[in-house]
Each structure stands twice: as C-alpha cells, then as structure tokens.
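Observations on the three-dimensional arrangement
Here is what each chain is made of, one letter per residue.
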Amino acid sequence: MQEASVRVAGKRTTRRTAGRPVSAARGVPATGGAATGGAATGGAATIADPAAVRRRLLAWYALARRDLPWRGGTDPYPVWVSEIMLQQTQVDRVKGFFVRFMARFPTVGALAAAREQAVLKQWEGLGYYRRARQLHAAARKIVADHGGEFPRNVAALMGLPGIGRYTAAAIASIAMDIPAPIVEANSRRVIARLAGHAEPVGGAGDEPIWALAATLVPRKRAGAFNQALMDLGAMVCTPDRPLCQRCPVAACCAAKQTGRVARIPAMAAPRATQRIRETAVVARHGDLVLVERRGPGEWWEGLWDFPRESAGRRGDSVVGRVAYTVTHHRIDCAVVERNPRRPSRAAPRQRWVKIASLAGLAMTAPGRRIARLVAGPRR
Ligand code: SF4
C-alpha cells in the first residue's frame, strides 16, 4: 500500500479566522496548538488530543482526498477487491487492474462463479497470485456460507481467506462505517509521528501503533477518517521530506514539535537478500513445449511456468537468462532448451502445449518472460 508519488490537491492560500491563519485549501488551522506525544515526556507514546486530530484530518480530507475508482460507495465488494490489490502494489498501478477486474467480475457472485484460471488470468501482471486465489476462495465462501452478503463485523471478515486484521478493518470502516482502527504503511507512519513513537515498527512493533489507532478512530465517519490517515501519509506525511508546513495536523504532531520527523518511524532491519541460481528447461518438440503448473505451497501456486531444475545438465546450451525477485530472494535463472525426439510423457501438473497457445495461459512473471523468449525468432 505504499505510494511513492506525491500529489497535493488544491492551492495553498491563507485567510484569517478568529485571529489565526487558516489554510484555505484545507479549511483547518495551519499552526497553533500544543505539542503532543508521551514519548517526549517519558513512558509509552500517546496522542495528546485525538479529538483535534480527528477534526482537522476530516476537514482536510473533505477538500484534499484522492479521487480513486473504488471510492465513494458503501458496497464492500469493490472496497475488498481494491484492498487486496493494494497489498504489495502501488495505487497508480492498481487503478487499471481494478477497473478491468470489476468489468469482468462485477459482483461477488460473478467472482464466485468464475473458474480459478479465469481469475488468475485477469490478475496476470499484478503479481502475488496467492491474493487472487484467496480472493476467489473468499468469494465462494461468502456465497456458500453468507448468502452472498459480506459479514458485518471485523472478526467474521477475518474468517474469510486472505482477509487479515488490516483488510477486515478497512472493509468494516470504509464500507460499513464500523469504528475499526487500521494500520498499514501510510497510517502507521502518520500515527507514529503524531505520537512521537520512536520504537521500531513493523511486525510485533506495530502493536503500539494499533493501540494508538484505536484511540484515534471516531465512532462515526470511521471510514472517512481511516482513508484520511492513508491519504495524508501518501500525499503529505511521506517517508522522505514530508510536507509538514502544509500538514493539517502539524500542531498535534509530537515528531514535528520535537524535531524528530526524519527519525520516525524507525523501521526494523530488513531481511538479507538471498541469492538463488536455477535452470528453466524449455523442452521443445516442433511447435510444442512442455509447461508445468506450480503446485501447492510453491510461489505462484496454480500458474503455469517452465519446469525448473536446480542445475542444468552437461551439454545444455543456455539460450537466455531471466533474473527476478520474490520477497527477499533474488533469483538468477538460466534458460536452456532441449529438443527431445518425441514429446516425453508429461508428469503430473505438466502438459505439452502449442507455443502459439502460451499467450492464453495464466503464467508466472518469469514464465511469461521465458515464453516470449520461446516465441521469438529461432536462434
Ligand atoms: Fe507528518 Fe509532518 Fe504532519 Fe507530523 S507534521 S503528521 S511529520 S506531515
């Protein structure tokens, strides 16, 4: 859900109200108010004036919120689809996929009735295909167990495949206006800075942030407030060089008031990158190639790819290389071509297919790149 781009709606001009400068673009006081944050005074970090944060942020959101294709309604289906797509993927990239996916599967019933391969094909290019499989499984569960209606509480939503604590709270607050707190990359950063929370965040380090979020979320307009937190993190309270001078909650921000913005949030050390070498085998007979469907527990489960070996055979000639990254793994894949005299018997999950039909298969990202190599001019 991280968004790299910075976009600020509206012009910044000022007018006077009750003796204080007010941002005309935001409609909220630009300065004034007391610094907050328990961390500055010892003990667990707190947000000293949650009511002021709520008031200022909601006023700012009404004027400056992002115009996104999944916003504006109270149907949980588009909220859910967008939230699943936004996991690990930037907002600008998700927009087009979301519109096409909703055109193909406009309701939870339509998604539930679709074949898994059709869902995976629609997802192709978005990556992290486990999300698509779980989306599909959850749609079927909603239809089978809930009569096609989304459960209307966080705990029951978390009982659906692929819906964790954040996603359940996002659906509940945005589509149902249930006062459920959220923590994701943008809101985590905003909340940590507002509270002056200097401890590392991420994983178990997010628990204090969840507790702080619970103190902030209003009883009414919870969805608008949660989206305002995320929008502020995406557009103003950015990871690097946040626009504190334009921030509607600067007066409530402990990190700003204590000069620690650049140091908050502190992130836990990332996992070291693991390098892996492998060989992709293109077994080719005439216009046929052997493909293999990824099995349970494998990366890209359910998608097609070319068989892999940890090392090639003596005499293999390398016809290309594909480098790709999966989580903290960096994979260097040599592509070799073998030409059996006749198509061998396909193992379980393998199939001989025409090269021309590869375009219609739901394939892994590296598999697609290898398929282009295969379909190109013969070497
Ligand atoms: Fe973020 Fe700066 Fe606003 Fe604090 S004042 S919430 S650091 S943009």
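The structure contained in this document is the topic of the report that follows.

Rules behind the numbers
Residues numbered from 1 in each chain as written. Predicted model: local features only at pLDDT ≥ 70, side-chain atom pairs only at ≥ 80, totals over all residues. Helix = DSSP H or I, 4+ residues; strand = E, 2+ residues; numbered from the N terminus. Buried ≥ 20, exposed ≤ 12 C-beta atoms within 10 Å, placed from the backbone. Contact = placed C-beta atoms within 7 Å. Axes fitted to C-alpha atoms, helices over the stretch in contact; angles between N-to-C directions. Parallel < 35°, antiparallel > 145°, perpendicular 65-115°, else oblique. Nonpolar A, V, L, I, M, F, W, Y, C, P; charged D, E, K, R; others polar. Expected span 1.5 Å × (residues − 1). Arc of directions from axis to C-beta. Near = placed C-beta within 6 Å. Pairing = 2+ DSSP bridges. Core = buried A, V, L, I, M, F, W, Y, C linked by C-beta atoms within 7 Å. Left-handed = near helix turned anticlockwise from the far one by under 90°.

1. Digging into the overall build of the chain
Scanning the chain from N- to C-terminus turns up 13 helices and 12 strands. Buried positions account for 37% of the 379 residues belonging to the chain. Long-range pairs, those at least 24 residues apart, make up 67% of the contacts in the chain between residues at least 6 apart in sequence.

2. Notes on the packing of helix α9 (residues 185-195) against helix α10 (residues 207-216)
Interaxial distance between α9 and α10 falls to 10 Å at its minimum, and their mutual angle equals 80°. Relative to α10, the element α9 lies roughly perpendicular. Counted together, S187, R188, I191, A192 and A195 of α9 and I209, L212 and A213 of α10 form the full contact between these two elements. Broken down by class, the residue content of the contact of α9 with α10 amounts to 6 nonpolar, 1 polar and 1 charged.

3. Structural notes on helix α6 (residues 130-146)
Along its 17 residues, α6 runs 23 Å from first to last C-alpha, staying within 8% of the 24 Å computed at 1.5 Å per residue. All of the buried residues in α6 are A132, L135, H136, A138, A139 and I142. Along the axis of α6, the buried residues cluster in a sector spanning 160°; they form a single face. Those residues of α6 that are exposed and aimed more than 90 degrees away from the buried face are A144 and D145. Looking at the buried side of α6, the elements it contacts are α2 (76-86), α4 (108-113) and α5 (116-123).

4. Topic: the site of the ligand
Surveying the vicinity of the ligand reveals 14 residues, the closest of which are C237, C244, C247, C253 and K256. Within the residue set of the shell around the ligand, elements represented by two or more residues are α9 and α12 (254-257). Broken down by class, the residue content of the shell around the ligand amounts to 12 nonpolar, no polar and 2 charged.

5. Here's the deal with unusual backbone geometry
Each neighbour pair has its own omega, and for I264 with P265 the value is 0°, a cis peptide bond. With respect to the helices and strands, P265 occurs in the loop between α12 and β5 (266-267). Its identity as a non-glycine residue notwithstanding, R221 has a phi of 65°, on the positive side. Its place among the elements puts R221 in the loop between α10 and α11 (222-235). We note that R241 has phi near 45°; this positive angle belongs to a residue other than glycine.

6. Examining the pairing of strand β11 (residues 329-338)
Consecutive side chains of a regular strand alternate in pointing toward one face of the sheet and then the other. Sheet topology note: the strand β6 (residues 274-285)/β11 ladder contains 10 bridges and is parallel. Bridge assignment links V281 to a residue of β11, and that residue is V336. Taken together, the 8 bridges between strand β10 (residues 318-326) and β11 define a ladder with antiparallel strand orientation. Counted as the bridge partner of V326 is H329 from β11.

7. Brief notes about the nonpolar core
Residues L57, I171, L194 and V249 are the most contacted members of the largest nonpolar core, which totals 96 residues. For this core, the element with the highest residue contribution is α11, accounting for 8 residues. Among all residues touching I171, those that are not within four sequence positions of it are P76, V79, W80, E83, F150 and L157.

8. What about the packing of α2 against helix α3 (residues 91-104)?
Between α2 and α3, whose axes approach to 10 Å, the crossing angle comes to 135°. By the angle between their directions, the pair α2 and α3 is classed as oblique. The way α2 lies across α3 gives a crossing that is right-handed. Residue-level inspection shows P78, V81, S82, M85 and L86 of α2 in contact with α3, the latter providing V91, V94, F97, F98, F101 and M102. For the contact of α2 with α3, the class distribution of residues is 10 nonpolar, 1 polar and no charged.

This is a description of form; function is not addressed.
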